[in-house]
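# Chain and residue survey
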Amino acid sequence: MIIIRHYKATDRPSLIALWQTVFTSPAPHNEANNVLDKKLRVDRLLFVAEKKGQVIGSCMAGYDGHRGWLYSVAVSEEMRRLHIGSKLVKHTMSELTKLGCQKINLQIVAGNEQVIGFYQSLGFTIEDRISMGTFTGKPI
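Since this is a predicted model, take the numbers as computed values, not measurements.

Here we take up the sheet that holds strand 2 (residues 46-51). Strand order in this open sheet of 5 strands is 1-2-3-4-5, and the pairing throughout is mixed. A strand with exactly one partner marks an edge of an open sheet, and here the two such strands are strand 1 (2-6) and strand 5 (104-105). Bridge count between strand 2 and strand 3 (residues 54-63): 6 bridges; the pairing is antiparallel. Counterpart to Glu 50 in the pairing with strand 3 is Val 55. Along the sheet, helix 1 (residues 12-22) makes contact with strand 2, strand 3 and strand 4 (68-75), crossing strand 3 at roughly 85 degrees.

So this is what it looks like as C-alpha cells:
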C-alpha cells in the first residue's frame, strides 16, 4: 500500500537517495542535503510517497500567499507508471489549495520534456512565459 504524507526527519536518508537517483545531474545549488536543510527552515510543504517504510516518491511545494510552486517531483524508477506521481502532485495541490492558493506553477528542465504529458493529464497547461533566474551569492 502506498501512503502519501508529510516528510519526517527519519525520511532524510531515503529521500536524499531518491533525489540523487532521479535528479542525476543537479546543479551545485540543488545538492540534496542543502536543498532539504533550506526547505525545512522555511516551511513543511514537502510530501513523500511511502511503501513498506521506504520513500519512493517526493513532491516539494512553495507558497508565497499569491502563487504556489511544485518542485522536486520524483518517483523511483521501479515505481513509475503506477500513478504514484499523480497521487503526490494531487495531494500537494490539495494542500496548497487549503492554504488559499489559487494558481500553481511548475517548471520543467530542458531535456525532460517527456513529462509534459504527465503534467497536462493533471490539468497543467503550457503558458507563454519566459523563465529567468539569477544567483544571489555563492551556494552553501
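Still to come is the rest of the account.
Locating Lys 90 in the fold gives a position in helix 3 (residues 84-98). Linking Lys 90 and Cys 59, residues 31 residues apart in sequence, is a C-alpha distance of 9.9 Å.

Moving on, we get to the environment of Gln 54. Counting through the fold element by element, Gln 54 comes out in strand 3. Sequence-distant contacts of Gln 54, that is, excluding residues within four places in its chain, are made with Ser 14 and Ala 49. Looking at Gln 54, its side chain comes within polar contact range of the side chain of Ser 14, at 3.4 Å.

So, about the side chain of Asn 105. Checked against the element boundaries, Asn 105 lands in strand 5. On the basis of relative accessible area, Asn 105 is assigned to the buried category, the value being 10%. Sequence-distant contacts of Asn 105, that is, excluding residues within four places in its chain, are made with Arg 67, Gly 68, Trp 69, Leu 70 and Glu 127.

What follows covers the packing of helix 1 against helix 2 (residues 32-42). Remark: helix 1 packs on helix 2, axes separated minimally by 9 Å, with the N-to-C direction vectors making an angle of 125 degrees. Considering their axes alone, helix 1 and helix 2 lie oblique with respect to each other. Between helix 1 and helix 2 lies a crossing of right-handed hand. Contacts from Arg 12, Leu 15, Ile 16 and Trp 19 in helix 1 reach Ala 32, Asn 33, Val 35, Leu 36 and Asp 37 in helix 2.

Quick notes on the rules
- Residues numbered from 1 in each chain as written.
- Predicted model: local features only at pLDDT ≥ 70, side-chain atom pairs only at ≥ 80, totals over all residues.
- Heavy atoms only, no water.
- Pairing = 2+ DSSP bridges.
- Helix = DSSP H or I, 4+ residues; strand = E, 2+ residues; numbered from the N terminus.
- Contact = heavy atoms within 4.5 Å.
- Axes fitted to C-alpha atoms, helices over the stretch in contact; angles between N-to-C directions.
- Polar contact = N/O pair within 3.5 Å; in protein donor to acceptor, adjacent residues only side chain to side chain.
- Buried < 20%, exposed > 50% of the residue type's maximum accessible area, 1.4 Å probe, protein only.
- Parallel < 35°, antiparallel > 145°, perpendicular 65-115°, else oblique.
- Left-handed = near helix turned anticlockwise from the far one by under 90°.

Interpretation in functional terms is not warranted from these geometric data alone.
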